[in-house]
Amino acid sequence: MQNSIPGNIRVGDVSPDFELTTFEPSENRFGVFKLSHSISKKKWTVLFFYPADYTFVCPTELSDLGDYYMEIKELGVEVISVSTDTQFVHMAWQREEKLLQNIKFPMAADPTGKVSRLFGIYDENTGLALRGTFLLNPEGKLVGSEINSYSVGRSAAELTRKLEAYVYVHHNPDEVCPANWDVGRKTIRPAKTEVGRVHEALA
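Residues numbered from 1 in each chain as written. Predicted model: local features only at pLDDT ≥ 70, side-chain atom pairs only at ≥ 80, totals over all residues. Heavy atoms only, no water.

A.B. asks: What is the right way to read the overall build of the protein chain from this model?
C.D. replies: Counting its secondary structure elements, the protein chain contains six helices and nine strands. In summary, the protein chain has a C-alpha radius of gyration of 18 Å against a globular reference of 17 Å for 203 residues, a match within 12%. Seen through its C-alpha atoms, the protein chain measures out along the principal axes to roughly 55 × 35 × 35 Å. Here the protein chain, with 203 residues, has 45% of them falling under the buried criterion. For the protein chain, restricting intrachain contacts to residue pairs at least 6 apart in sequence, the fraction spanning at least 24 positions comes to 60%. As presented, the protein chain carries roughly 10600 Å² of accessible surface, and 51% of it is formed by carbon and sulfur atoms. (Helix = DSSP H or I, 4+ residues; strand = E, 2+ residues; numbered from the N terminus. Rg over C-alpha atoms; globule rule 2.2 N^0.38 Å. Buried < 20%, exposed > 50% of the residue type's maximum accessible area, 1.4 Å probe, protein only. Contact = heavy atoms within 4.5 Å. Areas by Shrake-Rupley, 256 points an atom, 1.4 Å probe, with all protein chains shown as cover.)

A.B. asks: Is there a simple way to think about helix α3 (residues 87–96) in this case?
C.D. replies: Two residues of an α-helix separated by three or four positions point the same way, owing to the 3.6 residues in each turn. Those residues of α3 lying buried are Gln87, His90, Ala92, Trp93 and Gln94. If you follow the buried residues of α3, they end up packed against β1 (19–24), β2 (29–34), α2 (57–73), β4 (77–83) and β5 (107–109).

A.B. asks: Honestly, the confidence of the model for the protein chain in this entry has me stumped. Any pointers?
C.D. replies: Any residue range with low pLDDT should be treated as having predicted coordinates unsuitable for detailed reading. Within the protein chain, residue pLDDT values average 95, and 97% of them lie at 70 or more. Confidence drops under a pLDDT of 50 for residues 1–5, and excluding neighbours within four residues, the segment shows 15 contacts in the predicted structure. (pLDDT = per-residue confidence, 0-100.)

A.B. asks: Teacher, can you tell me more about the packing of aromatic side chains here?
C.D. replies: Each aromatic ring pair is summarised here by two numbers: the centre-to-centre distance and the angle between the ring planes. All told, the structure shown has eleven aromatic pairs when counted by the stated rule. Relative to Phe33, the ring of Phe18 lies with its centre 6.1 Å away and its plane at 50°, an arrangement referred to as tilted. Within this pair, whereas Phe18 is found in the segment before β1, its partner Phe33 is found in strand β2, the two being separated by 15 residues in sequence. The same class applies to Phe18 as to Phe33, namely buried. (Phe/Tyr/Trp six-rings, centres within 6.5 Å; stacked < 30°, edge-to-face > 60°.)

A.B. asks: It is not clear to me how the sheet that holds β1 should be interpreted in this structure. Could you clarify?
C.D. replies: Think of a sheet as strands paired side by side through backbone hydrogen bonds, with each pair either parallel or antiparallel. Taking strand neighbours across the sheet as the criterion, the seven strands line up as β2-β1-β5-β4-β3-β8-β9 in an open arrangement whose pairing is mixed. The strands lining the two open edges of the sheet, one partner per strand, are β2 and β9 (142–148). If you compare each strand with its neighbour and ignore which way they point, the axes differ by 25° on average. Here α2 sits on the sheet and contacts β3 (44–49), β4, β5 and β8 (131–136); the angle it forms with β4, its principal contact strand, is near 165°. (Pairing = 2+ DSSP bridges. Axes fitted to C-alpha atoms, helices over the stretch in contact; angles between N-to-C directions.)

A.B. asks: Explain unusual backbone geometry to me, please; I cannot follow it from the model alone.
C.D. replies: Working note: non-glycine residues mostly have negative phi, and peptide bonds are mostly trans. Even without being glycine, Asn28 reaches a positive phi, approximately 50°. Tracing the backbone shows Asn28 in the loop between β1 and β2. Although it is not a glycine, Asn180 sits at a positive phi angle of roughly 60°. Tracing the backbone shows Asn180 in the loop between α5 (156–171) and α6 (198–202).

A.B. asks: Hey, could you run me through the pairing of β2 in this one?
C.D. replies: Two faces make up the sheet, and in a regular strand the side chains alternate between them. Sheet topology places β1 next to β2; six bridges connect them, and they run antiparallel. Along β2, the bridge assignment pairs Phe23 with Phe30.

A.B. asks: I tried to follow the nonpolar core on my own but got confused; where do I start?
C.D. replies: Note that soluble globular proteins tend to have their nonpolar side chains buried in a common cluster. Grouped together as the largest cluster of nonpolar side chains are 23 residues, with contacts concentrated most on Leu62 and Leu65. Elements represented by at least two residues in this core include exactly β3, α2, β4 and α5. Broken down by element, this core gets its largest block of residues, five residues, from α2. Ignoring any residue separated from it by four or fewer positions in sequence, one finds Leu65 in contact with Phe48, Ile72, Val79, Phe105, Ala156 and Leu159. If you look at the next biggest cluster of nonpolar residues, it comprises 19 residues, including Phe119, Ile121, Ala129 and Leu136. (Core = buried A, V, L, I, M, F, W, Y, C linked by side-chain atoms within 4.5 Å.)

In structure tokens:
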């Protein structure tokens, strides 16, 4: 992995290494997230960027994500929420906002916007990050992304569904997952015999 952080990465790129200071609600302490450490443990990583602490849509998103956190962890995935606030503000917000009282995932600080810029979601006009969700596989490759503006929150249920699909095809690279795929449903094995016959392949 590269040590520098050049420009925006795109789906299919391997992310350069980066480090973020965190507040760890599960242990009520500060810590550090480093992508290379996650890769060394062969873990998937979800970076869940949001605009700011002490706002309105953001605590509903983090609360929703917290409801699915253990299910996501069982897939071998670590979730890191990220904003341009400091770890001290994260600590105070998590302590005061009742919607956040039960979250367990690390809350990372990106006050300079360095990592937000890497993923192309730093808003120079506001100094905030857009609502960006980025899925990195165990090799650090960006396999999925979603970017929303400030006013619309995301769905942790859909994030979990997509993670299940990405983990499945990572282990079964000769298969693909159709729309709305859930664990246990049929996948497709791309082949010339299936061209124009996807309906039959899923029957």
